[in-house]
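Each chain is listed here by its residues.
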Amino acid sequence: MRVITSVRYFLGMGILLSVFASCNPATEKQVEEVKYGPVNQTYDLPDVSGKIYYVSPEGNEKSDGLTLDKPTTIESAFAKVTSGDAIVLRGGTYRSGDLEFNQGITIQAYGNEKPVLNGTLVADRWQQVNDSLWVTNWEKLFPDGPESWWNRRGNERFTPMHRFNNDAVFIDGQFLQSAGNTDEVNDSTFYVDYENKQIYIGTNPKSKVIEITAFRKALYRPLSSVNGKEPDKRGPVIRGITFTQYADTMVHIGGAGLAIDQHGRDVVGTVFENCTFSNCFKIGMFAISDSLILRNCNVFNTNTEGIYIVASKDVILENNIFENNNIEKWTGYYPSSVKIFNQSHNAIVRHNLVTNQPNSNGVWWDVGNNDGAFINNHVENVSQNGFFFEISNGATVAGNVFENCENAMLVLNSCDVHVFNNTFIDSKVSFRRDSRGDQLGVFGWHVTLGPDVEKRFGHMFVNNLMYFTEESNSSMLNAEQAAYLCERLTVPHLKTFDNDVFIRNTNDEAEKAAIIQWSPYQNERCRIDIFSPEELTNIHSEFLVNSEYLENIESSLFVDIDNKDFHLSPEYATIGTPASIPAKVSALMGIDENTKPFIGAVAP
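Let us look at the structure shown here. (Residues numbered from 1 in each chain as written. Predicted model: local features only at pLDDT ≥ 70, side-chain atom pairs only at ≥ 80, totals over all residues. Heavy atoms only, no water.)

In this section: the sheet that holds strand S17 (residues 210–213). Spatial strand order, S9-S17-S12-S13: four strands in an open sheet with antiparallel pairing. Each edge of the sheet is formed by a strand with only one pairing partner; in this case those strands are strand S9 (120–122) and strand S13 (174–175). Examined bridge by bridge, S9 and S17 share three bridges and lie antiparallel to one another. The partner of Leu 121 across the bridge, within S17, is Ile 212. (Pairing = 2+ DSSP bridges. Helix = DSSP H or I, 4+ residues; strand = E, 2+ residues; numbered from the N terminus.)

Moving on, we get to the packing of aromatic side chains. What the rule picks out here adds up to 31 aromatic pairs. Considering the side-chain rings of Phe 164 and Trp 330, the 4.6 Å spacing of their centres and the 55° angle between planes classify their relative orientation as tilted. You can see Phe 164 sitting in the loop between helix H2 (152–155) and strand S12 (169–171) and its partner Trp 330 sitting in the loop between strand S29 (321–323) and strand S30 (336–341), a full 166 residues away along the chain. Aromatic pair Phe 402 and Phe 424: ring centres 5.1 Å apart, planes at 5°, arrangement stacked. Linking Phe 402 in strand S38 (residues 401–403) with Phe 424 in strand S41 (residues 423–425), this pair joins segments that are 22 residues apart in sequence. Judged by relative accessible area, Phe 402 falls into the buried class, the value being 0%. Put simply, the rings of Trp 365, Phe 374, Phe 387, Phe 389, Phe 402, Phe 424, Phe 431, Phe 461, Phe 497, Trp 518 and Phe 543 touch in pairs and so form one group of aromatic residues. Sitting over the face of the ring of Tyr 220, Lys 217 holds its NZ or CZ atom 5.5 Å from the ring centroid. In this structure, Lys 339 is placed above the aromatic ring of Trp 364, and the distance from its NZ or CZ to the ring centre is 4.6 Å. (Phe/Tyr/Trp six-rings, centres within 6.5 Å; stacked < 30°, edge-to-face > 60°. Buried < 20%, exposed > 50% of the residue type's maximum accessible area, 1.4 Å probe, protein only. Lys NZ or Arg CZ within 6 Å of the ring centre and 35° of its normal.)

With that settled, consider the pattern of salt bridges. Taken as a whole, this structure holds 23 salt bridges when the rule is applied. Note that Glu 318 and Arg 350 form a salt bridge whose closest N and O atoms lie 3.0 Å from each other. Separated by 32 residues along the polypeptide, Glu 318 in strand S28 (residues 313–318) and Arg 350 in strand S31 (residues 345–350) bring together distant segments of the chain. Glu 480 is the partner of Arg 432 in a salt bridge, and the nearest nitrogen-oxygen pair spans 3.3 Å. Taken together, the positions of Arg 432 in strand S42 (residues 428–433) and Glu 480 in strand S45 (residues 477–481) put the pair 48 residues apart, joining distant regions of the chain. One network of salt bridges, with partners in common, ties together Arg 239, Glu 273, Arg 295, Glu 318 and Arg 350. (Salt bridge = Lys/Arg side-chain N within 4 Å of Asp/Glu carboxyl O.)

By the secondary structure assignment, Ile 307 is in strand S27 (residues 305–310). Classification of Ile 307 by relative accessible area gives buried; the value is 0%. Sequence-wise, Ile 307 and Gly 264 are 43 residues apart; in three dimensions their C-alpha atoms are separated by 15 Å. Setting aside residues up to four positions removed in sequence, Ile 307 forms contacts with Met 285, Leu 294, Val 299, Phe 322, Ser 337, Val 338 and Lys 339. (Contact = heavy atoms within 4.5 Å.)

Note on placement: Ser 344 falls in the loop between S30 and S31. Here Ser 312 takes part through its backbone nitrogen, which lies 3.1 Å from a polar atom of the side chain of Ser 344. (Polar contact = N/O pair within 3.5 Å; in protein donor to acceptor, adjacent residues only side chain to side chain.)

The next subject is the sheet that holds strand S11 (residues 133–137). Spatially, five strands are ordered S10-S11-S16-S15-S14 in an open sheet, and the strand pairing comes out mixed. Because the sheet does not close on itself, it has two edges, and the strands there are strand S10 (127–130) and strand S14 (177–178). Note that S14 and strand S15 (residues 189–193) share two bridges and pair parallel. When the bridges of S15 are listed, Ser 178 appears paired with Phe 190.

Below, the discussion takes up a negative patch on the surface. Side chains of Glu 470, Glu 471, Asp 508 and Glu 509 sit close together on the surface and give a patch of like negative charge. Within the fold, Asp 508 resides in the loop between strand S47 (501–504) and strand S48 (516–518). (Patch = residues over 30% accessible without salt bridge, like charges linked within 9 Å, V, L, I, M, F, W, Y side chains within 5 Å. Areas by Shrake-Rupley, 256 points an atom, 1.4 Å probe, with all protein chains shown as cover. Lys, Arg positive; Asp, Glu negative; His and termini not counted. Charge placed at Lys NZ, Arg CZ, Asp CG, Glu CD.)

So far we have only geometry, and geometry alone does not tell us how the molecule works.
Below, the structure is given as structure tokens:
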């Protein structure tokens, strides 16, 4: 378990005293540290209307589990619970899985104990094949393949087909990568012979703990009948549980399909607090659930997605850590540590740490979503896009720090994304549009759920601080469209673009990079490179009038960037000409609407 405490203090930010599933902005404001990830605490017994079932790894399935001194098994408890009941887990490792329920129940740790649901079994019967190869028989295998839309011809040399199988091997807790045959097996890979149901490793198993996946999921909350009970519409409340080392989606809430008329109303009010999702070979947690809350959780070492929210409204993700998605390095897929997909409305993602994503996107709103909010997050070391908003309608991006991201933000084929008071450090921003949507594409009707091609505009970029060191020589902000659309799409991507500060420390040996790559512009490329705010003002008189560009500043811009204190240093505390922050944005950021305007993510 990790708790990371931010040293960033936003004026009036604070952790909310209470959060309602309606996603109304916070009205109570205080200055307080943000604690990312699970927080150590001692749980009281849950206050429920029904029964409390006690379980332990050594529980007796014949016990009714209704008293602490006579716990039952976790499998027995899940078979019994009805809506209003609770399952309280004693500490220890439960090597169990594929547990189904369809009732509104509470699942939580006992006191300060640490229950772990683990999807593997220990493999302790190995035969030596040669000096560098050992084999064991294994019955519980999970062969799989890519989705039908995956481009095998273009990607198989980077992502061999065996990577799509969901079997996993862990040696002393470290996962191995799959191999295509025994010749490829070494101390960091394994091979599965599916015909003979055997698994090969290249590490001497003596004195090692070797675990192999044996369960597909940890928990599944379907919409169908389970254990003779019809589903209610209540989501579970899950607190203080670690889910690790499962073959597929570890926790699955709600339906399985992505139909155009499907929404999360069939399961309402799902809550996860102080949970860990780690080391799985597909998705950490998948949910179709309105009014879902994910708070103070740690999600790391996942594969296609860490958290996957589909067709759900009034979602809150706060104070979480999202780290290292796409551990098998799939190409031709669309990995994201958090994906909010397919008509999810009013999702708020705030006060999260999105970090160390060498093979993945950070947080991605993908297709047909409305009114997203990405607020007061710290996003660092993301190789693709830290914040990605695609074919969707309306988002507020405010109070975030983006650090060392290939793309801090990509707004693609969307409208009305309002970007206020963010700090971008060696992390560029892109607004992009193309003709996708003129015809149905690979994913059929999905492309019709966002704005039409001619309506992909209305963005705002105000009070932002962009700081590029000598390590980054790219443009800072790109407004992009293809040349063939130049006559068709003549309205700029942005409707408001001002009160920003751009700072670059240049490398004398590198060719000077533009601040902005701007389209549409009437030339052969439909694009012009902008090297100063005045150059864009000369083209669009309303843009960058109150913005400034500085080069090669000599003193430190921030109070203590090494320790993640992104307050501006005293010399630069009054930099720029900030505009008033709209009341909606102030409320989302947790600052008083009468606060004096400022540049960047952190108030002076």
